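Per-entry structural report
What follows is the residue order along each chain.
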Amino acid sequence: MNDDLAPDGVAAALLASIGVLVRRVRHAPVEGGLAMPERTALSLLDRSEPTTSSALAREAQITAQAMGATLSGLRARGLVERQPDPEDGRRAVLTMTDAGRQALKDKRNARTELIARALTGGAFTQDELDRLAAAAPLLERLARNI
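Every chain's residues receive numbers from 1 upward, in the order its sequence appears when written. pLDDT decides what is reported in this predicted model: residues at 70 or higher carry local features, side-chain atom pairs at 80 or more are listed and counted, and totals for whole chains, interfaces and linings draw on all residues regardless. Side-chain numbers come from the whole structure's heavy atoms, not from hydrogens or water.

**Notes on the nonpolar core**
- The set of buried Ala, Val, Leu, Ile, Met, Phe, Trp, Tyr and Cys residues whose side-chain atoms join them within 4.5 Å is what this entry labels a nonpolar core. We call a residue buried when its accessible area falls under 20% of the maximum for its residue type, exposed when it is over 50%, and partly exposed in between, using a 1.4 Å probe and counting protein chains only. Grouped together as the largest cluster of nonpolar side chains are 16 residues, with contacts concentrated most on Leu 42, Leu 56, Leu 71 and Leu 74.
- The set of elements that each furnish at least two residues to this core consists of helix H2 (36–48), helix H3 (53–60), helix H4 (64–76), strand S2 (92–96) and helix H5 (98–119).
- Only DSSP runs of H or I covering at least 4 residues are called helices, and only runs of E covering at least 2 are called strands; the numbering of each starts at the N terminus. Among the elements that line this core, the one with the most residues is H2, at 4 residues.
- We call two residues in contact whenever any of their non-hydrogen atoms come within 4.5 Å of each other. Those residues in contact with Leu 56 that lie beyond four places of it in its chain are Leu 44, Leu 45, Ser 48, Thr 51, Met 67, Leu 71 and Leu 94.

**Here's the deal with the pattern of salt bridges**
- Salt bridge, as used here: a side-chain nitrogen of Lys or Arg that lies within 4 Å of a carboxyl oxygen of Asp or Glu. Tallied over the entire structure, the rule returns 7 salt bridges.
- The partner of Asp 85 in a salt bridge is Arg 91, and the shortest N-O contact between them spans 2.5 Å.
- Looking at Asp 85, the relative accessible area reads 7%, which means it is buried.
- Look at Arg 91 and you get partly exposed, because its relative accessible area is 43%.
- Across the salt bridge formed by Arg 131 and Asp 127, the nearest N and O atoms sit 3.5 Å from each other.

**A few points about the confidence of the model for the protein**
- Residue-level confidence of the predictor, termed pLDDT, takes values from 0 up to 100. Counting all residues, the mean pLDDT for the protein is 89, and 95% of those residues have values of 70 or more.
- Within the protein, H5 has the poorest average pLDDT of any element, 89, and H4 the best, 95.

**With respect to the packing of H2 against H4**
- Interaxial angle, 0 to 180 degrees, is taken between N-to-C directions of lines fitted to C-alpha atoms, where a helix line uses only the stretch in contact. Look at H2 against H4: their axes get within 10 Å of each other, and the N-to-C directions meet at 85°. In this view, H2 runs roughly perpendicular relative to H4, as classed from their interaxial angle. Contacts between H2 and H4 pair Pro 37, Glu 38, Ala 41 and Leu 42 from the former with Met 67, Thr 70, Leu 71 and Leu 74 from the latter.
- Just so you know the grouping, Ala, Val, Leu, Ile, Met, Phe, Trp, Tyr, Cys and Pro go in nonpolar, Asp, Glu, Lys and Arg go in charged, and all remaining residues, Gly too, go in polar. Here the contact of H2 with H4 is built from residues that sort into 6 nonpolar, 1 polar and 1 charged. We call two directions roughly parallel when the angle between them is under 35 degrees, roughly antiparallel when it is over 145, roughly perpendicular when it lies between 65 and 115, and oblique otherwise.

**A word on unusual backbone geometry**
- With phi around 60°, Gln 61 is a residue other than glycine that occupies positive phi space.
- Positionally, Gln 61 belongs in the loop between H3 and H4.

**A word on a nonpolar patch on the surface**
- Think of a patch as exposed residues, more than 30% relative accessible area, with no salt bridge, where like charges cluster within 9 Å and nonpolar side chains (Val, Leu, Ile, Met, Phe, Trp, Tyr) cluster within 5 Å. Here the accessible surface of atoms and residues is derived via Shrake-Rupley with a 1.4 Å probe, and residues count as covered only by protein chains that are part of the display. Taken together, the side chains of Ile 18, Val 22, Leu 139, Leu 142 and Ile 146 define a hydrophobic patch exposed on the protein surface, amounting to about 430 Å² of accessible area.
- Of all the secondary structure elements, the ones that give two or more residues to the nonpolar patch are helix H1 (7–27) and helix H6 (126–144).
- Mapping Val 22 onto the fold places it in helix H1.
- The class for Val 22 is partly exposed, based on a relative accessible area of 34%.

What follows is the structure, encoded as structure tokens:
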């Protein structure tokens, strides 16, 4: 078996190349007005609302104080709402507002456009584009199995 095709070799190559892609996309300036911690908080909230600040902090693997500061800024901009928990009045739950959903959508669209621009203009052949498209569901399945 070719060492490059052994699971360890494939894993190392995928981790390196996907890591570079993710870092470049995350750090590329795009319109949308959301800093990385804000986008992370909104993305997590989008998947699990309504939820608490502490639950979001655990999922993001950051301190409750850091998440609280991020959420405070999002609430001040009208992107997140805080309401009493219907099951436990001592707690508050957070939900995303329509403006928050739109801000997150705009940021995602800007990043998609960034990648689409990189794929056009002759940088990739049609065969390479086809191979990238075929790899996308495999990468998603890989992520689900981790």
